[in-house]
Amino acid sequence: MSSTLEGSAVAPVLVGHEGLLAGERIPVIGTRVTFGRNPDNTVVISSLSVSRFHAEIVLDETQGYVLRDCGSSNGTQVNGEDVESQLLKPGDDITIGDQEFRFEVADAMETIMALSLPRSLTHGGEELAHGPVLRVTVAGGGPVGLSLALLLEHFLGAQAQITVYDGRWRKQGRKIVWKDASQGNVRRQQVVTVQSRQYLGLPQEVRDRLFDPDNYTEMWPSGPDSVGDHHPRNMRIAYIEDRLLEVANEKKGRIQLVPARFSIEEQQDALATQHVLAICDGGRSHTREHFAAKFGKADESIYSLDGRHLQDVVLGLRVKSGLTDPMAVLLTVAQNRFLLNSLRGEGFLNMRLTDAETAEVVGIDPVRRVFEECIASRPCLMGRDEHGDFQCSTHSTLFLPALIRGSALWKRVHEGLRLFGVEADDLSAVTSFRLDMVQRPRFTAELLPPTANSTGTYGFLLGDAANAIHFWPGRGLNSGLASAISLARSLNGAWNGKPFRDADFLRHEAAMSMLQYRHKSRAWKAMVTNDDQGATWAIKDIIAHGIDGIAEEPDREADTATLLERMRGIRSRLAARMSGLPDDEAILERLGTLESSTLRMLVLSGAWDTLTMGGEEVDIDIFYGQDSAAAAAAVEALEPVAQV
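Just so we're clear, the structure is a prediction, and the values are computed from it rather than from any experiment.

S.K.: Is there a simple way to explain the overall build of the protein chain in this structure?
M.R.: For the protein chain, the count of helices and strands is 24 helices and 34 strands. By residue count, 55% of the 644 residues in the protein chain fall in the buried class. Sequence-distant contacts in the protein chain: of pairs separated by 6 or more residues, those separated by 24 or more amount to 72%. Element-wise, carbon and sulfur atoms account for 50% of the exposed surface of the protein chain, whose accessible area totals about 27,000 Å².

S.K.: Help me understand the confidence of the model for the protein chain, please; the structure alone is not making it clear to me.
M.R.: A low pLDDT score tells you not to read the predicted coordinates there in detail. On average, residues of the protein chain score 84 in pLDDT, and 87% of them reach the 70 mark or higher. In the model of the protein chain, helix α2 (residues 119-122) stands out as the element of lowest mean pLDDT, 35, in contrast to strand β19 (residues 276-279), which has the highest, 98. Every residue in residues 108-129 is under pLDDT 50, and counting partners more than four places away or in other chains gives 30 contacts. pLDDT under 50 marks residues 628-644. Its contacts with residues more than four places away, or in other chains, come to 34 contacts.

S.K.: Even after reading the chapter, I still don't get the sheet that holds strand β31 (residues 444-448), so can you show me in this structure?
M.R.: Each strand in a sheet pairs with another by means of backbone hydrogen bonds, the pair being arranged parallel or else antiparallel. Here six strands make up an open sheet; going across it, the order is β18-β13-β12-β19-β32-β31 and the pairing mixed. Whereas interior strands pair on both sides, the edge strands pair on one side only; in this sheet they are β18 (255-258) and β31. Strand-to-strand twist of the sheet, defined as the mean angle between neighbouring strand axes without regard to direction, takes the value 20°. In this structure, strand β12 (residues 134-139) lies alongside β19, joined through four bridges in parallel fashion. Within β19, the position partnered with Thr 137 by the bridge is Leu 277. Against the sheet, helix α4 (residues 143-156) touches β12, β13 (160-165), β18 and β19, its axis set at about 170° to β13.

S.K.: Sorry if this is basic, but what is going on with the pairing of strand β15 (residues 175-178) here?
M.R.: Taken residue by residue, a regular strand's side chains alternate between the two faces of the sheet. Bridge count between strand β14 (residues 169-172) and β15: four bridges; the pairing is antiparallel. When the bridges of β15 are listed, Gln 172 appears paired with Lys 175. Linkage of β14 to β15, two consecutive antiparallel strands, is achieved through a turn of two residues, within which Gly 173 is found at a positive phi near 65°.

S.K.: Please explain helix α8 (residues 264-271) as it appears in this structure.
M.R.: For an α-helix, the turn length of 3.6 residues means that residues three or four places apart are oriented alike. All of the buried residues in α8 are Ile 264, Gln 267, Ala 270 and Leu 271. Seen end-on, α8 carries its buried residues on one side only, within an arc spanning 110°. Check the buried side of α8 and you find it contacts β13, β19, α9 (286-290), β31 and β32 (457-461).

S.K.: It is not clear to me how the pattern of salt bridges should be interpreted in this structure. Could you clarify?
M.R.: If charged atoms from side chains of opposite charge come close, those side chains can pair. Scanning the model with the defined rule gives 28 salt bridges in all. A salt bridge links Asp 93 to Arg 174; its shortest N-O distance comes to 2.4 Å. In this pair, Asp 93 sits in strand β10 (residues 93-96) while Arg 174 sits in the loop between β14 and β15, placing the two residues 81 residues apart along the sequence. Beyond isolated ion pairs, a larger network of salt bridges with shared partners links Glu 153, Glu 205, Lys 251 and Arg 254.

S.K.: Even after reading the chapter, I still don't get the pairing of strand β23 (residues 338-343), so can you show me in this structure?
M.R.: Extensive coverage of β23 is indicated by the burial of six of its six residues. Because side chains alternate across β23, one face comprises the buried residues Phe 338, Leu 340 and Ser 342, and the other comprises Leu 339, Asn 341 and Leu 343, equally buried. Taken together, the six bridges between β23 and strand β24 (residues 346-352) define a ladder with antiparallel strand orientation. Across the sheet, Asn 341 pairs through a bridge with Phe 348, a residue of β24. Adjacent in sequence and paired antiparallel, β23 and β24 are bridged by two residues, among which Arg 344 carries a positive phi angle near 55°.

S.K.: Explain the nonpolar core to me, please; I cannot follow it from the model alone.
M.R.: Note on soluble globular proteins: their nonpolar side chains tend to be buried together. Core analysis: the biggest nonpolar cluster contains 80 residues, and Leu 148, Ile 162, Leu 257 and Phe 500 have the highest contact counts within it. Broken down by element, the residue count for this core peaks at nine residues, all from helix α16 (residues 475-494). In this structure Ile 162 touches Val 136, Val 138, Ala 149, Leu 152, Glu 153, Arg 254, Ile 255 and Gln 256, once residues within four positions along its chain are discounted.

Here is what the cut-offs are and how they apply
- Residues numbered from 1 in each chain as written.
- Predicted model: local features only at pLDDT ≥ 70, side-chain atom pairs only at ≥ 80, totals over all residues.
- Heavy atoms only, no water.
- Helix = DSSP H or I, 4+ residues; strand = E, 2+ residues; numbered from the N terminus.
- Buried < 20%, exposed > 50% of the residue type's maximum accessible area, 1.4 Å probe, protein only.
- Contact = heavy atoms within 4.5 Å.
- Areas by Shrake-Rupley, 256 points an atom, 1.4 Å probe, with all protein chains shown as cover.
- pLDDT = per-residue confidence, 0-100.
- Pairing = 2+ DSSP bridges.
- Axes fitted to C-alpha atoms, helices over the stretch in contact; angles between N-to-C directions.
- Arc of directions from axis to C-beta.
- Salt bridge = Lys/Arg side-chain N within 4 Å of Asp/Glu carboxyl O.
- Core = buried A, V, L, I, M, F, W, Y, C linked by side-chain atoms within 4.5 Å.

Put into structure tokens, the structure is as follows:
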């Protein structure tokens, strides 16, 4: 046996440093000690990040104590490195799921005393000192899931034990970081507009980390969605994800980050130990679908036109524009075909597609010579390769419209580039996303009822799992942040160690219903418009009519005059809140770069319904009053402002 452990005066012991067993001293007795969720293990760790039979320590008579991984899903680490089998030395740090131990040697009498103490006394007394601990599992570690975790840690401190799962993460030493493209995760570089009504609800330390002046701009003017003089802020979504994950990594012991997709099939038993399951894993949430019967069937008929469920597909073009922000804003709100949202000119130009154009958004496998819908159905990001083609790194497909130089769709893409001052070489990637709206009957549900051995588990739909993505960049993020703020405040107010009731979440459910109404009404106004006779038309169908349904040659002079007059009206409304707006000459110069058919299409698409686009945001504070300092500050700062 190793000389370190020779003699009867010392015995090995595991000291819990982080996780549910923090503070415990667990003697290593006998020739085999096992770890896992299953009750038959020597050391039972009731955490969803731990496998049923996760790892073991066995005594090798010639070497000493050896730690072995038992084929666990999340692996076993010694001193931050993944191991399958490792001889242990005093001082080694062992990580099993989200639980950390230190392998130490102790006086034999200490070991006997530790064995004789009740388990509750060896736990460090955290529950006695701080009150009952709320156990929360978050499925999905995007901005919404991470914001919820950080809000709960901020409100409840040691009374919250939060585990967040995301398969897009990986372990790097002792930190959790985002996987990169080579590991199957294409980071989201879209620029989103975060409203002050939402970011002011985040903890101050989170805001301090997010709002580095070099990483946000205030492209859009303040409006009814803004609190006081706090403007909306444009940020890259990958940057937001990085900063939130960075802060969460610093909350070890309260927030456990698990680099794996939450699997309800694998973790059904462990879920019974949790009070809350927050479902934040996106619009195609597998977790939500598993519990579909609990939340009720979604209704798509309310968002149908002439019996057809209305959907929009948007082509996202990653670009660098040479225009100023005021010019980009004016051009964007004056029509409904293109929308540019950027950070210092770099961002995505979003192009609303007709049904015929959507059918053209496909990739082609140049080897197998077959078509793939990866860009339209996943969606995937296709970046420029060394030949200048747009290639999907995941599926090795090429973007077909760009390969066919005479493609009508690709010519229209270049018209959008010209409108927003983007050189052809400054288009660096293409992607797409779908706006597909449904009406959800509820967002809160009791997943598991209380029993003699558990307090029951409540489930909550948040973010895109609750509400679909929106054409307006950041719409989904703003709704998601609002839903996370609302749920965190409800849990903070309701948690007392007793089983939850539906009545505990009346305010949250009301807030979610209002968010759904606001989100969907805004989405509907972005997808449809009324003609002079009051008939409702899908905007994409009007654009399609402008492309193929008008026989006569467009009147370039008349269309230019119409667009100029429209922009003058928008400019006059924005002038009080945005400096540097372009004059008539600059507008005419920009319109002069376009083909007559494009001008006609922009005229027909109509201007944004700015009354709806800039209308009142859902104010979570009206449901929670003065529950937080942020709410009080928001009410004090709120001032009436003009519409966009």
